[in-house]
Amino acid sequence: MAKSPDAHDDYVRGSQEISEQESTFDAFVGLTKWGSLIISASLLFLTIWFQPGGAFIPAAISAVVLLVVGFFILKSSPKGH
């Protein structure tokens, strides 16, 4: 069915509210960042602990160091450029 020439579209480019999309994207990026750090620290911990001759204490220290360094690298900076 063809549109009549008098039909007007209500959508105006740039006028749609996008706050929900922005908050969803921010949540996704945050979960990805922090989840990746936790997975990396867990893998480091398990690798050092279960390698031949590995031990719990060095593994725990390595994982904690990675978590602390990762926290300071990944923490959010103020919005803006």
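Check the entry above for the structure.
It should be emphasised that the depicted structure is a prediction, and the values quoted were computed from it without experimental measurement.

Trainee: Residues and numbers for the overall build of the protein chain, please.
Mentor: From N to C terminus, the protein chain includes 2 helices and 0 strands. Sorting the 81 residues of the protein chain into buried and exposed places 10% on the buried side. Partitioning the contacts of the protein chain with sequence separation of at least 6, the portion at a separation of at least 24 is 48%. Accessible surface computed for the protein chain: about 7200 Å², of which carbon and sulfur atoms make up 67%.

Trainee: Hey, could you go over the environment of G30 for me, with residue numbers and the actual values?
Mentor: Tracing the chain through its elements places G30 in helix 1 (residues 19-50). In the structure, G30 is positioned 44 residues away from L74 in sequence and 9.3 Å away in space, judged by C-alpha atoms.

Trainee: Break down a nonpolar patch on the surface for me, with residues and values.
Mentor: A cluster of nonpolar side chains, namely L46, W49, F50, F56, I57, I61, V65, V69 and I73, defines an oily patch on the protein surface of about 900 Å² accessible area. Of all the elements in the fold, those that place two or more residues in the nonpolar patch are helix 1 and helix 2 (56-74). A total of 6 residues in the nonpolar patch trace back to one element, the largest contributor, which is helix 2. Tracing the chain through its elements places V69 in helix 2.

Trainee: Give a description of the packing of aromatic side chains that names residues and reports values.
Mentor: Counted by the stated rule, this structure contains 6 aromatic pairs. Between F45 and W49 the ring centres are 5.3 Å apart and the planes differ by 50°, which places this aromatic pair in the tilted class. On the criterion of helical spacing, the pair formed by F45 and W49 is a turn pair, its members being 4 residues apart in helix 1. Residue class for W49 comes out partly exposed when judged on its relative accessible area of 31%. Centre to centre, the rings of W49 and F50 are 4.7 Å apart; their planes meet at 20°, and the pair counts as stacked. Relative accessible area serves as the criterion here: at 58%, F50 is assigned to the exposed category. Pairwise contacts between aromatic rings join F45, W49, F50 and F56 into one cluster.

Trainee: Tell me about helix 1, residues and numbers included.
Mentor: In a regular helix each residue adds 1.5 Å, so 32 residues correspond to 46 Å; helix 1 covers 46 Å between its end C-alpha atoms and thus fits that length. Buried within helix 1 are the following residues: G30, L37, A41, F45 and I48. Among the structural elements, helix 2 are those in contact with the buried residues of helix 1.

Trainee: Could you give an account of helix 2, with specific residues and numbers?
Mentor: For helix 2, with 19 residues, the first-to-last C-alpha span of 26 Å sits near the 27 Å given by 1.5 Å per residue. Within the span of helix 2, buried status applies to A59, A63 and G70. For helix 2, the angular spread of buried residues about the axis comes to 35°, placing them on one side. In helix 2, the exposed positions angled more than 90 degrees off the buried face are occupied by I57, I61 and F72. The inward-facing, buried residues of helix 2 contact helix 1.

Quick notes on the rules
Each chain carries its own residue numbering, running from 1 in the direction its sequence is written. Per-residue local features are limited, in this predicted model, to residues with pLDDT of at least 70; the limit for side-chain atom pairs, both in listing and counting, is 80 or more; totals at the level of whole chains, interfaces and linings are taken over all residues. The side-chain values count all of the structure's non-hydrogen atoms but skip hydrogen atoms and water molecules. Where helices and strands are cited, they refer to DSSP runs of H or I of at least four residues and of E of at least two residues respectively, numbered from the N terminus. Note on classification: 1.4 Å probe, protein chains only; a residue is buried when its accessible area is under 20% of the maximum for its type, exposed when over 50%, partly exposed between these limits. Any two residues having at least one pair of non-hydrogen atoms within 4.5 Å are treated as being in contact. Residue burial considers only the protein chains on display, and all accessible areas are found by Shrake-Rupley using a 1.4 Å probe. Every patch collects residues that have over 30% relative accessible area and no salt bridge, joining them within 9 Å if they carry like charges and within 5 Å if they are nonpolar side chains (Val, Leu, Ile, Met, Phe, Trp, Tyr). We count a salt bridge whenever a side-chain nitrogen from Lys or Arg sits within 4 Å of a carboxyl oxygen from Asp or Glu. Side-chain rings of Phe, Tyr and Trp, where Trp is taken by its six-membered ring, are said to pair if the distance between their centres is within 6.5 Å; with planes under 30 degrees apart they count as stacked, over 60 as edge-to-face, and otherwise as tilted. By definition here, a helix of n residues has an expected span of 1.5 Å times n minus one. Note that the arc is computed from the directions linking the helix axis to the C-beta atoms.

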